[in-house]
Amino acid sequence: HGGAHCRLAAEFARCGALPERRQDFERWLAQRQEALASLTNEANRRTFSDQFERESALRETALVAEETHCAGSPATTSGDVLNHWRRAAHAGDPAALREYATGRAFRGEKLLENLDALAVYRQEAAGLAETAARNGDLSMLLALGSALSPIPSTHRSLLAQAVVPDGSRSLALFYRAQAALVGDERLEAAV
């Protein structure tokens, strides 16, 4: 049922983000209206106004479509969404493996709500990432190679925080990814 859990996680995440998307739209709208009011040149004002109206209509239409799509969706917590990502990843769904193993399933603004799930993630992230990489997922090869890199970085992913740096494995994974991109079977077999 990995595909089903993956779909539920994606839909719950999509619908759960709607309040923030609506708020972002309202903020953008207010900023654009303020910018329009500050224009004194009539030609610039007309051009800006026309562009603003078109873009505003497009954004509003897209947002209303999302709200219609999500109407009646049950309320979920970030923990519920994470649980679906995790279950789908363990069931072998490639998209869920990628989302969960990289740590992208954890929303930054909800991290403290999910400390228990982070502890579980820390224990299993490396194994899941390796499974996805072994199955030929190029983006996971790159993510795992980057996570294992011993080169210091100010923007370490959750996966990088869950693995022990290993320069030789990192390099081997990057060589394997390069081989997959250029189609060199000798390099793929050597790693």
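Everything numeric in this text was worked out from a predicted model, so none of it was measured.

*Asks:* Could you give an account of the pattern of salt bridges, with specific residues and numbers?
*Replies:* This model, assessed by the stated rule, comprises 15 salt bridges. Salt-bridge contacts for Glu-66 lead to Arg-14; the nearest nitrogen and oxygen are separated by 2.6 Å. Placement of the pair is Glu-66 in helix 3 (residues 42–70) and Arg-14 in helix 1 (residues 2–16), with a sequence separation of 52 residues. The exposure class assigned to Arg-14 is partly exposed, which follows from its relative accessible area of 31%.

*Asks:* So what about helix 6 (residues 115–134)? Which residues, and what values?
*Replies:* Residue pairs three or four apart in sequence face the same way in an α-helix, which turns once every 3.6 residues. For helix 6, which comprises 20 residues, the first-to-last C-alpha distance of 29 Å matches the rise-based estimate of 28 Å (1.5 Å per residue) to within 8%. Helix geometry: helix 6 is bent most strongly at Glu-124, by close to 50 degrees. For helix 6, every residue scored as buried is listed here: Leu-118, Tyr-121, Glu-124, Ala-125, Leu-128, Ala-129, Ala-132 and Ala-133. Residues of helix 6 that are buried make contact with helix 4 (78–90), helix 5 (94–102), helix 7 (138–148), helix 8 (158–162) and helix 9 (167–182).

Criteria and cut-off values
- Residues numbered from 1 in each chain as written.
- Predicted model: local features only at pLDDT ≥ 70, side-chain atom pairs only at ≥ 80, totals over all residues.
- Heavy atoms only, no water.
- Salt bridge = Lys/Arg side-chain N within 4 Å of Asp/Glu carboxyl O.
- Helix = DSSP H or I, 4+ residues; strand = E, 2+ residues; numbered from the N terminus.
- Buried < 20%, exposed > 50% of the residue type's maximum accessible area, 1.4 Å probe, protein only.
- Expected span 1.5 Å × (residues − 1).
- Bend = angle between axes of the 7 residues up to and from the residue.
- Contact = heavy atoms within 4.5 Å.

Shape descriptors only; they carry no functional weight alone.
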